[in-house]
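Structural description and commentary
One-letter residues, chain by chain:
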Amino acid sequence: ENTPVPTPDDDTPTTLDDGTATYEVTDAENGNVTYVAPVNSEASTITIPDSVIINGATYKITAIDENAFKNNTVIKKVIIGNNVTTIGKNAFLGCKNLKTVTLSKNITSISGKAFYGCGKLKTLTIKTNGLTLKNIGKKAFGKTPVNITVKLPKKNFKVYKSMVIKRGISKK
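Reference entry: report on the structure contained in this document.

Calculation rules
Residues numbered from 1 in each chain as written. Predicted model: local features only at pLDDT ≥ 70, side-chain atom pairs only at ≥ 80, totals over all residues. Heavy atoms only, no water. Helix = DSSP H or I, 4+ residues; strand = E, 2+ residues; numbered from the N terminus. Rg over C-alpha atoms; globule rule 2.2 N^0.38 Å. Phe/Tyr/Trp six-rings, centres within 6.5 Å; stacked < 30°, edge-to-face > 60°. Pairing = 2+ DSSP bridges. Axes fitted to C-alpha atoms, helices over the stretch in contact; angles between N-to-C directions. Patch = residues over 30% accessible without salt bridge, like charges linked within 9 Å, V, L, I, M, F, W, Y side chains within 5 Å. Areas by Shrake-Rupley, 256 points an atom, 1.4 Å probe, with all protein chains shown as cover. Salt bridge = Lys/Arg side-chain N within 4 Å of Asp/Glu carboxyl O. Lys, Arg positive; Asp, Glu negative; His and termini not counted. Charge placed at Lys NZ, Arg CZ, Asp CG, Glu CD. Buried < 20%, exposed > 50% of the residue type's maximum accessible area, 1.4 Å probe, protein only. Core = buried A, V, L, I, M, F, W, Y, C linked by side-chain atoms within 4.5 Å. Contact = heavy atoms within 4.5 Å.

Another point: the overall build of the protein. Summing up its helical and strand segments, the protein has one helix and 12 strands in all. Tracing the protein from N to C terminus, the helices and strands come up as β-β-β-β-β-β-β-β-β-β-β-β-α. Relative to a compact globule of 172 residues, whose C-alpha radius of gyration would be 16 Å, the protein shows 16 Å and is just as compact. With respect to the three principal axes, the spread of C-alpha positions in the protein is 50 × 35 × 25 Å.

A word on the packing of aromatic side chains. Per the counting criterion, the structure on display carries five aromatic pairs. Arranged with centres 5.4 Å apart and planes meeting at 20°, the rings of Tyr-35 and Phe-69 form a pair that is stacked. One end of the pair, Tyr-35, is in strand β3 (residues 32-38); the other, Phe-69, is in the loop between β6 (57-64) and β7 (77-80), with 34 residues separating them in the sequence. Between Phe-92 and Phe-115, the ring centres sit 4.9 Å apart and the planes meet at 5°, which makes this aromatic pair stacked.

Further remarks concern the sheet that holds strand β4 (residues 45-48). Spatially, the five strands line up as an open sheet ordered β4-β7-β9-β11-β12, and their pairing is parallel. Strand pairing shows two members of the sheet lacking a second neighbour, β4 and β12 (149-151), which therefore form its edges. Here the average twist between neighbouring strands, direction ignored, is 5°.

Negative phi characterises most residues that are not glycine, and trans characterises most peptide bonds. A positive phi is found at Asn-67, a non-glycine position, where the angle reads about 65°. You can see Asn-67 is positioned in the loop between β6 and β7. Even without a glycine there, the phi angle at Asn-90 is positive, about 55°. Mapping Asn-90 onto the fold places it in the loop between β8 (86-87) and β9 (100-103).

Bringing a positive patch on the surface into the picture now. A surface patch of positive charge is lined by Lys-76, Lys-99, Lys-120 and Lys-122. Along the polypeptide, Lys-99 turns up in the loop between β8 and β9. Using a relative accessible area of 31% as the deciding quantity, one classes Lys-99 as partly exposed.

Within the largest apolar cluster, 47 residues are counted, with the highest numbers of intra-cluster contacts made by Ile-87, Phe-92, Ile-110 and Phe-115. In terms of residue count, β6 provides more of this core than any other element does, four residues in total. For Phe-92, the residues in contact, after removing those within four places along its chain, are Ile-64, Phe-69, Ile-75, Val-78, Ile-87, Leu-98, Ala-114, Phe-115, Tyr-116 and Cys-118.

Have a look at this one:
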């Protein structure tokens, strides 16, 4: 399969829309985009795919923009694709009905207050082994429920448990 790779000189627009979401081209040469916002404000399950095809070109989704889902009260479940490495500041802040989040294996950065105030978050699954305390922003998981279930990679369980508690997850 020869998928056309967008090149910077092809007048690629800086914002793209595939009908389900808006994306910002962050690296046209390598075909990388940031997930900016969902198009459908009524969607309760959001799957951010590994890549998206727009105008015949394949783009890897490597980040979720800051404020992408801020104060979205409709979403209940989020699955984040394997090419996403960065979750922006306040990305899911105030998503009061968000219950389930799965963070993919390549996440290396979760910005401040990314999941702050997700008061019904029941299950947080972290698959990545690439996080450090420095790469998880302040209060990233602040104001989440006391009885949240956090699934962590076995390899880094102790370290990660300490990190997520420092960033707002309840000690229970």
